Amino acid sequence: MEYDFKEIEDKWQKKWQADRIYEVTEDASKKKYYCLEMLPYPSGKIHMGHVRNYSIGDVISRFKKMTGYNVLHPIGWDALGLPAENAAIEHGIHPAQWTWTNIDTMNKQLHRLGFSYCWEREIATCSPEYYRWNQWIFLKMYEKGLAYKQKSLVNWCPKCKTVLANEQVEDGSCWRCSTTVSVSKLEQWFFKITDYAERLLNDMNQLTKWPEKVLIMQKNWIGKSSGSTVIFQVENSPHRIEIFTTRIDTIFGATFLIIAPEHPLVNEFISIEPDYEVLKQKVDELRLQAWKNRYTEEYDKEGLFLRRYAINPFNQEKIPIWVGNFVLMEYGTGAIMAVPAHDQRDFEFAQKYNLFIKTVIKPSPQEDTTIADNNAFTDYGILINSNEFSNLASHEAIDRMNHHAQINGFGSHTISYKLKDWGISRQRYWGTPIPILYCDACGIVPVPEKDLPVVLPENVTFTGTGPSPLEQAEEFITATCPKCGNKAKRETDTMDTFVDSSWYFLRYISPHYSNGPFEKSKVSYWMPVDIYIGGIEHAIMHLIYFRFFAKVMVDLGLIDHVEPAPFLLTQGMVIKDGAKMSKSLGNVVDPEELVNTYGADSLRLWMLFAAPPEKDMEWGDKGIEGCYKFLLRIWRIIIPHLDNLKKAPADYDVTSLSIHEKELVKKLHQTIERVTKDINERLHFNTAISSLMELLNTMSYCLHEGIQSPSFWSVMKEVCNKYLIMLSVFAPHIAEELWELMANEGLIFHQEWITYNPDLAKEDIIPIAIQINGKFRTTIDVPSGSTEEVIKNTAIENTVISRHLGDKNIRKIIYVHQKLMNFIIDK
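Each value, and the rule that gives it
Within any chain, residue numbers begin from 1 and follow the written order of that chain's sequence. This being a predicted model, a pLDDT of at least 70 is required before a residue's local features are given, and a value of 80 or more before pairs of side-chain atoms are given or counted; all residues contribute to the totals for chains, interfaces and linings. Derived side-chain values reflect all non-hydrogen atoms in the structure, with water molecules and hydrogen atoms excluded from consideration. UniProt positions are given in the numbering used here, feature names are shortened, and annotations may be inferred rather than shown by experiment. Helix numbers and strand numbers start at the N terminus; a helix is a DSSP run of H or I with at least 4 residues, a strand a run of E with at least 2. For every residue, the accessible area obtained with a 1.4 Å probe (protein chains only) is divided by the maximum for its type, and the residue is called buried under 20%, exposed over 50%, and partly exposed between those limits. Note on definitions: a residue-residue contact is assigned when non-hydrogen atoms from the two residues lie within 4.5 Å. Only the protein chains shown count as cover for residues, and the accessible areas themselves come from Shrake-Rupley with a 1.4 Å probe. For the purpose of charge, His is not counted, nor are the chain termini; Lys and Arg are scored as positive and Asp and Glu as negative. Here the site of a charge means atom NZ of a Lys, CZ of an Arg, CG of an Asp or CD of a Glu. In this scheme, a helix's expected span is set at 1.5 Å multiplied by one less than its residue total. When DSSP finds two or more bridges between a pair of strands, those strands are recorded as paired. Only the stretch in contact is used when fitting a helix axis, every axis being a line fitted to C-alpha atoms; angles between N-to-C directions are given from 0 to 180 degrees. By nonpolar core we mean a set of buried residues, namely Ala, Val, Leu, Ile, Met, Phe, Trp, Tyr and Cys, connected to one another through side-chain atoms within 4.5 Å. Here the limits of each domain have been adopted from an automatic or database domain assignment. Pairing of aromatic side chains here covers Phe, Tyr and the six-membered ring of Trp, requires ring centres within 6.5 Å, and sorts the geometry by plane angle: under 30 degrees stacked, over 60 edge-to-face, intermediate tilted. Any Lys NZ or Arg CZ that is within 6 Å of a ring centre and within 35 degrees of that ring's normal is treated as a charge sitting over the ring. The cut-offs work like this: below 35 degrees is roughly parallel, past 145 is roughly antiparallel, 65 to 115 is roughly perpendicular, and the gaps in between are oblique. The sense of a crossing depends on the near helix, which, turned anticlockwise from the far helix by less than a right angle, makes the crossing left-handed and, turned clockwise, makes it right-handed. Charged residues are taken to be Asp, Glu, Lys and Arg, nonpolar residues to be Ala, Val, Leu, Ile, Met, Phe, Trp, Tyr, Cys and Pro, and polar residues to be all remaining types, Gly included. Here, a salt bridge means any Lys or Arg side-chain nitrogen found within 4 Å of an Asp or Glu carboxyl oxygen. For the purposes of this analysis, a disulfide is any pair of cysteine sulfur atoms at a distance within 2.5 Å.

Under an unreviewed UniProt entry, the name given to the protein chain is Leucine--tRNA ligase, and the organism recorded is Candidatus Fischerbacteria bacterium RBG_13_37_8. Regarding the protein chain, the relevant UniProt record gives this comment under Catalytic activity (unreviewed entry): "tRNA(Leu) + L-leucine + ATP = L-leucyl-tRNA(Leu) + AMP + diphosphate".

As structure tokens, this is what we get:
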């Protein structure tokens, strides 16, 4: 009987689907386990990153099911977004058609890999039945003041013709198409994520099973700073400039102010100047530079003197006001005090424009501060040249200066965050319509819940230029105000697609529920997600929004868990030829071709065997071929002996086993222990598979020895059955087929996970007699079953043997299995 993986995999996939074995319902009598991988974007075909991610989740789901858990393992499609609309422009195909065709293709590919998904819970975020609830959540957030509209500077991608969130700009370029991002000012809808900044930070103490790297990235993105707000009065003007600083102890060294190019005072200051047009052109250049510079540290600091002065409230000194390309309106107050003696960036700027540098901090009472090697002194120290605060240590000075500023009404201690509100408006078609109407009489009017969903119109034109197709869809735009009954205009912006993926894990729990986004009683059973699996590249986009939405929903009384997933596993990338697999690099390997050549089980096995989940794996064609040969070897060990295995009694007397049989039983229990711990505790599937390979070697050895004792086939029957149960979480198709061929009842998927006997797994210590040139010298103790190499090395390290061997040449070693070893050496 040949190993025909195509026939076997097709057979069992149909059987599993027909029997609905992956479908689950709530069961209070069982422990629940919610295993979730980040849902894929339906780009056309699955890639190796998908296969690796989903293979990891599948092992965990199958293992948890076998260990008694009620397992929820769903899948869906993050199906809205720019690529579909770009395809419509490039190929003349409607985004919906492109998307649903891709979903159908990728659905079949995932089925063919045999993943244990609850397919009846499959969702697609482009379905009105799904995005209806995006709109409902938006309205709830609007009611709570968490969704608002304002004019703001935005990241604009000229190629995608849409606004990008800060997190979607990478090194100054669009994260999707790599086009350089520009700055524009538009009316935008925002979610008030800043209201949750402190909670996003504080609740990290619940995320003990998240990678430290992800938590650090999120902390840096939120960017909490403890500092001071200080108000500088503009000379001969009613205007005041508020700055934020973390080093108020250096304020006596502030020799100029710098404000952001988009600061409202900039235009006011230059508008009355005779050379306004020249100044405006320079400010515009600085604004564009500042917007690009926000994503990198490597750029030239440039500025423009605004011909105005501010008064330092601490010493009443007059200092010049500049506009600079390294100050951003969106960070802090859009203005900074520049202390060139104690800030390297300010120092470089002051040197470039020949501005005054004043030292106000020295390292210690015994040392003087000198600016050496073109570097500012940026550490804390002792204040000098700071009036009544001189001779204080920095930390004491900060407290006293904050108090001084507060009682005098020009400042206070302040907490600031780098995190800004989440701009969700996108000027594109293929997204969730924002459920807002504009009425001349009533202003901004939310769409009534009974009128949801606001559905995307199908009859639209895609040109790739100009405004969004929705702005040209008259039937969509025209609406009636629900308040006054007059004509209204519908909002034509759609939501950022990260909204779709911020709560999808809750929709899986009750995907067909029509009275709300999810059924709370079922959410209470399944939440939180027990393990969330995906790439670290989502650390500061999806994973922040994902946590933010959970907290909002707790506040809305919809769920109970402030952290949706206490355990995050970030899998490594699939690397080929030294780089991440990418179409642009031409190093992509097509999973479908490999499934056709080697089978789904071989591909899954290689994805899991090549490296631990959290590490990058280096692709190698020989690796999958080796995994195929391993499965073929299992097949060829079991199939020829099916009759003996099926006839053999299930029970045997352990005490009456031969030495080979005892070794086999011991190896079985050792393997069960290792595989169980590797899956359940370490998530190191590569070492679990390696243990299975070692056990197979022992099985093969025993069969090769031709052991024919009465109990042998009973032992082998137990070993094979338990082996298949362990194998099934990695390679389910071949395991299911061999399980059936061995005349076992039921599906292997429904079997309980096996347990090991510590007594049977324990290594026996046996004595080995050591001779040199046939003369007994000593005895060494080694674990039973040790290889000849292990015994040789143990003997050589023995004090007695090493003394007799000295530096003499070992010509030959005679080894009598498990009895003695004789070293033949030169005399």
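There's more to say after this.
Comments concerning the overall build of the protein chain
Helix and strand content of the protein chain: 26 helices and 34 strands. C-alpha extents for the protein chain along the principal axes are approximately 105 × 80 × 50 Å. Counting all 827 residues of the protein chain, 55% fall into the buried class. Taking as baseline every contact in the protein chain between residues at least 6 positions apart, the subset at least 24 positions apart corresponds to 72%. Just so you have it, the protein chain exposes about 35900 Å², and 48% of that area is on carbon and sulfur atoms. Measuring between centres, the 90 positive side-chain charges of the protein chain sit 2 Å from its 106 negative side-chain charges.

Looking at the environment of Glu-681
Turning to its location among the elements, Glu-681 is positioned in helix 20 (residues 659-682). When the C-alpha positions of Glu-681 and Trp-156 are compared, they lie 46 Å apart, and in sequence the two are 525 residues distant.

Section: helix 22 (residues 712-728)
One full turn of an α-helix is made of 3.6 residues, so residues set three or four places apart face in the same direction. Across its 17 residues, helix 22 extends 24 Å between first and last C-alpha, which sits within 8% of the 24 Å expected from 1.5 Å per residue. Here helix 22 lies mainly inside the structure; 17 of its 17 residues are buried.

A short note on the sheet that holds strand 27 (residues 568-570)
If you trace the four strands from one edge of the open sheet to the other, you get 2-1-26-27, paired in parallel fashion. Both edges of this open sheet fall to strand 2 (70-72) and strand 27, since each of them pairs with a single strand only. Averaged over all pairs of adjacent strands, the angle between their axes in this sheet comes to 20°, without regard to strand direction. Relative to strand 27, strand 26 (residues 531-534) runs parallel, the two sharing three bridges.

Examining the nonpolar core
Judged by nonpolar contacts, the single largest core of 198 residues is most densely connected at Trp-619 and Phe-730. The greatest single-element share of this core, amounting to eleven residues, is contributed by helix 22. In terms of domain composition, this core takes at least three residues from each of domain 1 (5-127 + 499-585) and domain 3 (633-760). Core analysis: the next-biggest nonpolar cluster, separate from the first, contains 39 residues, Val-230, Val-234, Leu-279 and Leu-306 among them.

What about the packing of aromatic side chains?
On inspection of all chains with the given rule, the structure shows 49 aromatic pairs. Geometrically, the ring pair formed by Phe-138 and Trp-189 is edge-to-face, given 5.4 Å between the ring centres and 75° between the ring planes. Of this pair, Phe-138 sits in helix 5 (residues 128-143) while Trp-189 sits in strand 9 (residues 182-191); the two residues are 51 residues apart in sequence, bridging distant segments of the chain. The exposure class assigned to Trp-189 is buried, which follows from its relative accessible area of 1%. With centroids separated by 4.9 Å and ring planes inclined at 55°, the aromatic side chains of Trp-322 and Tyr-353 adopt a geometry described as tilted. Placement of the pair is Trp-322 in strand 14 (residues 318-324) and Tyr-353 in helix 10 (residues 344-353), with a sequence separation of 31 residues. Trp-322 gets classed as buried once you look at its relative accessible area, which sits at 9%. Three or more aromatic residues joined by ring pairs make a cluster, and in this case those are Phe-138, Tyr-142, Trp-189, Phe-191, Tyr-196, Trp-422, Phe-498, Tyr-545, Phe-548 and Phe-549. Cation over ring: Lys-318 sits above Tyr-309, and NZ or CZ is 4.8 Å from the ring centre.

As for the sheet that holds strand 22 (residues 443-446)
Within the open sheet, the four strands sit side by side as 22-21-24-23. Their pairing is antiparallel. Among the strands making up the open sheet, the edge pair consists of strand 22 and strand 23 (478-480). Taken over all neighbouring pairs, the strand axes of this sheet differ in orientation by 40° on average, direction set aside. For strand 21 (residues 436-439) and strand 22, the ladder comprises four bridges, and the chain directions are antiparallel.

As for the domain arrangement of the protein chain
Domains assigned within the protein chain are domain 1 (5-127 + 499-585), domain 2 (227-414), domain 3 (633-760) and domain 4 (765-825). A straight line from the C-alpha centre of domain 1 to that of domain 2 covers 49 Å.

Section: the packing of helix 22 against helix 23 (residues 732-741)
The geometry of helix 22 relative to helix 23 is characterised by a closest axis approach of 8 Å and an angle of 155° between their N-to-C directions. Between helix 22 and helix 23, the interaxial angle falls into the category roughly antiparallel. Here the hand of the crossing between helix 22 and helix 23 comes out left-handed. Touching Asn-721, Leu-724, Ile-725, Leu-727 and Ser-728 of helix 22 are Pro-732, Ile-734, Ala-735, Leu-738 and Trp-739, all from helix 23. Here the residues of the contact of helix 22 with helix 23 sort into eight nonpolar, two polar and no charged.

Considering the pattern of salt bridges
Under the defined criterion, the tally for this structure stands at 43 salt bridges. Glu-198 is paired through a salt bridge with Lys-224; the nearest N and O atoms lie 2.8 Å apart. Within this pair, whereas Glu-198 is found in helix 6 (residues 197-202), its partner Lys-224 is found in strand 10 (residues 224-234), the two being separated by 26 residues in sequence. Under the relative-accessibility criterion, Lys-224 is labelled partly exposed at 42%. Several salt bridges converge on common partners, so that one network encompasses Asp-203, Arg-547, Lys-551 and Glu-563.

Notes on helix 15 (residues 542-555)
Counted at 1.5 Å a residue, the expected span for helix 15 with its 14 residues is 20 Å, and the 20 Å between its end C-alpha atoms agrees. Burial within helix 15 is extensive, with twelve of its 14 residues counted as buried. Of all the positions in helix 15, only His-542, Leu-543, Ile-544, Tyr-545, Phe-546, Arg-547, Phe-548, Phe-549, Ala-550, Lys-551, Val-552 and Met-553 are classed as buried. Count one or two residues on from helix 15 and you reach Gly-557, which has phi positive near 80°.

Some remarks on the pairing of strand 34 (residues 820-825)
Most of strand 34 sits out of view: five of its six residues are buried. Pairing of strand 31 (residues 765-772) with strand 34, which is carried by four bridges, proceeds in the parallel orientation. Looking at the pairing, Ile-770 lines up with Met-821 of strand 34. From the end of strand 33 (residues 810-816) to the start of strand 34, which pair antiparallel, there are three residues, and Gln-818 there has a positive phi angle of about 60°.

What to know about the packing of helix 21 (residues 685-704) against helix 22
Between helix 21 and helix 22, whose axes approach to 12 Å, the crossing angle comes to 160°. Judged by the inter-axis angle, helix 21 sits roughly antiparallel to helix 22. Of the two elements, helix 21 crosses helix 22, and the hand of that crossing is left-handed. Of the residues in helix 22, those touching helix 21 at Leu-692, Met-693, Leu-695, Leu-696, Met-699, Cys-702 and Leu-703 are Phe-712, Trp-713, Met-716, Val-719, Cys-720, Tyr-723, Met-726 and Leu-727.

Comments concerning the state of the cysteines
Scanning the entire structure with this criterion turns up zero disulfides. Its sulfur unpaired, Cys-174 is 3.8 Å from the next cysteine sulfur, which belongs to Cys-177. There is no disulfide at Cys-481, and the cysteine sulfur nearest it, in Cys-484, is 3.7 Å away.

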